[in-house]
Every structure is written in structure tokens, then in C-alpha cells.
Amino acid sequence: MKEKNYNLELIRMISFVLVIAIHVSNYFCRAYGEIPNSEYAFSLVVDTAARVSVPSFFMISGALLLGREETLKKHCRRILRFLSVLAVWSVVYYLWNTCYMKTEVKLQEIIFVPAEAHLWYLYAMIPIYLVLPFLQVMCRNLSKNLETALLIISTGAVLLNFRTTFTGEELYYDLPLIGDKVYTYYLFFGYYISKYRKKIPIRQKTAVLICIFSMAVSFGATMGATFAKGYHYEKELTYGSPFVILASVMFFIIMIRGNDGNFQPSDRKKRIIDLFCNCSFGIYLIHILFLDNYKKYMEPTDFTAWIAIPGLTFVIAAVSFVCVLIMRQTTIGKKIT
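Residues numbered from 1 in each chain as written. Predicted model: local features only at pLDDT ≥ 70, side-chain atom pairs only at ≥ 80, totals over all residues. Heavy atoms only, no water.

The protein is annotated in an unreviewed UniProt entry as Acyltransferase 3 domain-containing protein of Sellimonas catena. Quoted verbatim from the Sequence similarities (unreviewed entry) field of the UniProt record, the comment on the protein reads "Belongs to the acyltransferase 3 family." Per its UniProt entry, the protein bears the Subcellular location (unreviewed entry) comment "Cell membrane". (UniProt positions renumbered as here; feature names shortened; annotations may be inferred.)

Here it is, written out as C-alpha cells:
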């Protein structure tokens with residue numbers, strides 16, 4: 001059995017907390033004009049910095065799965081697991097939203113629209129898993145030059161797609177392998193960084209500076225557009241935004257090369273990391289229940305963002321972790337988390 005890469009596991013553990021931070025801080029960001037500008041700025045700092053988390057999950061998948069040789073049976077099991085997870089949690093959130101939150105969810109549109117917005121991740125991963133065996137064969141047979149060329153061409157396509165979002169235009173044809181979204185691109189990037197992490201000619205300190213600079217640009221562009229338009233403007237924070245991509249890639253490089261790419265925590269710390277990482281998918285799935293409960297009874301103006309964002313992020317992460325840990329004591333619980 002291949003030894004676990006704890007650099008990747010550390011990225012995973014940090015990322016699932018940051019995903020919660022995105023959803024919490026975004027609740028306050030969208031209250032621009034209702035909360036003080038200082039609280040909005042703080043919310044936006046957290047939201048911007050945490051944006052590296054979602055691309056990191058795709059890059060982790062690329063690092064672990066692309067180039068690997070797996071049986072078709074294993075691929076089928078992976079797809080069926082994701083489909084069953086999507087089915088179960090769609091029902092959970094359909095009932096939650098219609099019966100408790102009193103928000104409309106059209107069950108007949110479930111193929112096209114998630115029952116809860118954050119389930120979009122499953123909608124993105126299932127098509128990727130459907131073509132994963134073909135991507136694996138391709139990656140196993142590409143030379144370094146071809147891998148680099150693929151990344152360069154893909155980057156051009158992603159940047160062009162992002163530009164068209166400002167004009168309302170649409171490319172006549174999307175680039176095969178990438179499409180009109182950015183997620184397969186992140187998959188390739190994670191694979192490439194993981195494979196060539198020791199040969200990438202960027203020092204760690206330089207990567208940190210680029211990461212911070214990219215976040216600062218995203219923050220500044222969002223803040224400026226928000227002030228100009230009079231509402232929270234999120235386009236510069238989307239995962240196809242060039243500076244979100246750059247910050248995410250630099251973050252991934254920094255983390256995967258930590259401790260010379262061989263982070264080996266003590267046995268006790270390994271157990272803790274393993275415990276949290278085994279629950280990370282379930283935490284992602286369940287945490288919105290607790291955030292929604294807060295939103296149902298509390299407005300962004302009821303409590304200062306300075307305390308609410310870090311406090312809620314910690315509490316929601318902790319409660320979600322405990323719930324998933326209990327669920328995973330059963331066979332069914334393990335299958336749906």
C-alpha cells in the first residue's frame with residue numbers, strides 16, 4: 001500500500017475549515033451597506049484568503065488520481081458512491097429547505113439545480129469521475145513537454161473563458177478536456193505540481209509573496225467594484241478569476257513542498273490528521289445545516305462580524321466534525337460521508 005502523503009492531507013485539513021470560512025464570511029459580505037465598512041472589509045479579507053480551499057480540493061484529487069492505474073471496477077464504485085452521496089444529501093437538503101427553512105426547491109429540477117447551493121461540488125466531480133479513467137491513461141503516457149504544453153493551452157482557455165464573463169459573450173466551442181469551467185484545469189494543475197514540485201523554479205518565499213499579492217489584487221478589485229456598484233461584487237472571487245487561480249496554485253505549491261515535500265508528523269499528530277481528514281467530506285456536506293440555522297434566526301447586523309466569523313467557523317467546524325464522527329460509526333454513515 002502506498003504511503004500516505006501528509007503534505008496533501010494537511011492541505012485537505014486546512015481547506016475544509018477554509019470552505020466553512022468562505023460560507024460564513026460570504027454571509028456578511030453580502031450584507032454590504034447594512035454592516036459597517038470595517039466589518040465588510042474584514043469579511044472580505046477572510047473570504048478572499050479562504051478562496052484557495054476549493055481549488056485545493058480539485059488539485060488534491062489530481063495529485064492523487066491522475067497518472068494512476070486503476071481498474072474499471074474501482075472507477076465504477078467511486079462514481080456510484082458519489083451518486084449515492086448526492087442522492088441522499090439532495091433529499092436531506094430538499095426536506096431541510098422546504099420543511100424547516102421554508103425556501104422553495106423544485107425537485108423536478110434536481111438534475112440541473114442542486115437542492116442546496118454548496119452541493120455544486122458533487123455536480124462538478126461526478127462528470128470528472130466519469131472520464132477519469134481516460135484522463136489517467138492520457139496522463140500516464142504524456143511526456144513532460146506535452147504536460148507543460150497542455151497546461152499552457154488550458155491556462156489560455158481558462159483566461160479567455162473568464163474574460164467572456166464580463167462581456168456576456170460565449171465561445172462558439174469550448175476547449176475539449178477543459179470545457180467552459182475551471183475544475184478539470186485545477187485537476188491537471190494539482191497533478192502537474194505534485195509530479196514536478198521539486199523542479200518548479202519558484203522559491204517558497206517567492207511563492208508566498210505571489211500568493212499574498214494575488215489575494216490582495218482580488219481583495220482590492222472586489223472592494224473597488226463593490227464601492228462603485230453599491231453591492232457586494234463577487235466576480236473577482238470566482239474560481240476562474242486569474243488571481244484566485246494564481247493564489248490557489250501558489251498556496252498548493254507552498255504546502256506540497258513544505259518540509260522538502262516530506263512532511264512527517266508524529267504518530268499522535270498523524271492520528272489526529274487522519275481523523276479529521278476522514279471526516280472532511282462529511283463536514284463539507286453537513287455544515288450548511290448549522291450555518292442555515294444561524295441565518296434563520298440571526299441577521300448579519302445582529303452580531304459583529306469581527307467575532308461572528310471566526311466564532312461561527314470554529315463552532316460549525318467542531319459541531320460538524322462531532323456529527324460526522326458519530327455518523328461514521330455506522331456502515332451507512334461511512335457510505336454517505
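On we go.
**Student:** It is not clear to me how the packing of aromatic side chains should be interpreted in this structure. Could you clarify?
**Tutor:** Two aromatic rings, taken as a pair, are described by how far apart their centres are and by the angle between their planes. A complete count under the given rule lists 25 aromatic pairs for this structure. Each member of the aromatic cluster is reached from another via a ring pair, and the members are Phe57, Phe58, Phe82, Trp120, Tyr121, Tyr129, Tyr183, Tyr239, Phe281 and Tyr284. Against the face of tyrosine 100 rests lysine 296, its NZ or CZ located 4.8 Å from the ring centre. Here the basic side chain of lysine 296 rests over the ring of tyrosine 297, its NZ or CZ set 6.0 Å away from the ring centre. (Phe/Tyr/Trp six-rings, centres within 6.5 Å; stacked < 30°, edge-to-face > 60°. Lys NZ or Arg CZ within 6 Å of the ring centre and 35° of its normal.)

**Student:** What exactly am I supposed to notice about the environment of tyrosine 192 here?
**Tutor:** Positionally, tyrosine 192 belongs in helix 7 (residues 183-196). Overall, tyrosine 192 belongs to the buried group, its relative accessible area being 14%. Distance from tyrosine 192 to leucine 151, taken between C-alpha atoms, is 8.4 Å for residues 41 residues apart in sequence. A polar contact of 2.8 Å, which involves the side chain of tyrosine 192, links it to the side chain of threonine 148. (Helix = DSSP H or I, 4+ residues; strand = E, 2+ residues; numbered from the N terminus. Buried < 20%, exposed > 50% of the residue type's maximum accessible area, 1.4 Å probe, protein only. Polar contact = N/O pair within 3.5 Å; in protein donor to acceptor, adjacent residues only side chain to side chain.)

**Student:** How should a nonpolar patch on the surface be read in this particular structure?
**Tutor:** Taken together, the side chains of Ile111, Phe112 and Val113 define a hydrophobic patch exposed on the protein surface, amounting to about 360 Å² of accessible area. Note on placement: valine 113 falls in the loop between helix 4 (72-101) and helix 5 (120-140). (Patch = residues over 30% accessible without salt bridge, like charges linked within 9 Å, V, L, I, M, F, W, Y side chains within 5 Å. Areas by Shrake-Rupley, 256 points an atom, 1.4 Å probe, with all protein chains shown as cover. Salt bridge = Lys/Arg side-chain N within 4 Å of Asp/Glu carboxyl O.)

**Student:** Help me understand the side chain of histidine 118, please; the structure alone is not making it clear to me.
**Tutor:** Topologically, histidine 118 is positioned in the loop between helix 4 and helix 5. With sequence-adjacent residues up to four places away left out, histidine 118 is seen in contact with His23, Tyr93, Tyr284, Leu285, His287 and Ile288. (Contact = heavy atoms within 4.5 Å.)

**Student:** What am I meant to see in the side chain of arginine 197 here?
**Tutor:** Following the sequence through the fold, arginine 197 ends up in the loop between helix 7 and helix 8 (204-229). Despite its burial, arginine 197 remains without a salt bridge, the nearest opposite charge being carried by aspartate 260 at 9.6 Å. Only 2.4 Å separates the side chain of arginine 197 from the backbone oxygen of serine 194, close enough to count as a polar contact. Setting aside residues no more than four positions away along its own chain, arginine 197 makes contact with Ile256, Arg257 and Gly261. (Lys, Arg positive; Asp, Glu negative; His and termini not counted.)

**Student:** Looking at this structure, how should I read the pattern of salt bridges?
**Tutor:** If charged atoms from side chains of opposite charge come close, those side chains can pair. Scanning the model with the defined rule gives nine salt bridges in all. Between aspartate 47 and arginine 51 there is a salt bridge, with its nearest N and O atoms 3.0 Å apart. Just as aspartate 47 is buried, arginine 51 falls in that class too. Arginine 163 is the partner of glutamate 169 in a salt bridge, and the nearest nitrogen-oxygen pair spans 3.5 Å. Residue classification places glutamate 169 among the partly exposed residues on the basis of a relative accessible area of 47%. Residue classification places arginine 163 among the partly exposed positions, given a relative accessible area of 46%. Overlapping salt bridges, with partners in common, bring together Arg68, Glu70, Lys74 and Arg78 in one network.

**Student:** Looking at this structure, how should I read helix 5?
**Tutor:** Counting along an α-helix, one turn takes 3.6 residues, and residues three or four places apart therefore face a common direction. Taking 1.5 Å per residue, 21 residues should reach 30 Å; helix 5 reaches 29 Å between its end C-alpha atoms and fits that length. Listed as buried for helix 5 are Tyr121, Leu122, Ala124, Met125, Ile126, Ile128, Tyr129, Leu132, Pro133, Leu135, Gln136 and Cys139. Considering only its buried residues, helix 5 is in contact with helix 3 (53-65), helix 4, helix 6 (144-167), helix 7 and helix 11 (267-297). (Expected span 1.5 Å × (residues − 1).)

**Student:** Looking at this model, I keep getting lost on empty space enclosed by the protein. Mind explaining?
**Tutor:** A water-sized probe, rolled over the atoms, reveals where empty space remains. As enumerated under the stated definition, the model contains two cavities of 30 Å³ or more in all. The space that makes up the largest cavity amounts to roughly 60 Å³. Lining of the largest cavity is provided by Cys139, Leu142, Glu147, Leu150, Leu151, Phe188, Tyr191 and Tyr192. Sorting the residues of the lining of the largest cavity by element identifies helix 6 and helix 7 as the ones contributing at least two each. Split by residue class, the lining of the largest cavity holds seven nonpolar, no polar and one charged. Within this model, the second largest cavity holds a volume of roughly 40 Å³. Surrounding the second largest cavity, Thr48, Arg51, Val52, Met215, Ser218, Phe243, Val244, Ala247 and Ser248 form its lining. Elements with a minimum of two residues in the lining of the second largest cavity: helix 8 and helix 9 (242-256). Each residue belonging to the lining of the second largest cavity can be placed in one class, and the counts come to five nonpolar, three polar and one charged. (1 Å grid on protein atoms, 1.4 Å probe; cavity = no way out; pocket = protein on both sides within 12 Å on 5 of 7 lines; lining within 4 Å. Points joined across faces, edges and corners; volume = space filled by probe spheres on them. Nonpolar A, V, L, I, M, F, W, Y, C, P; charged D, E, K, R; others polar.)

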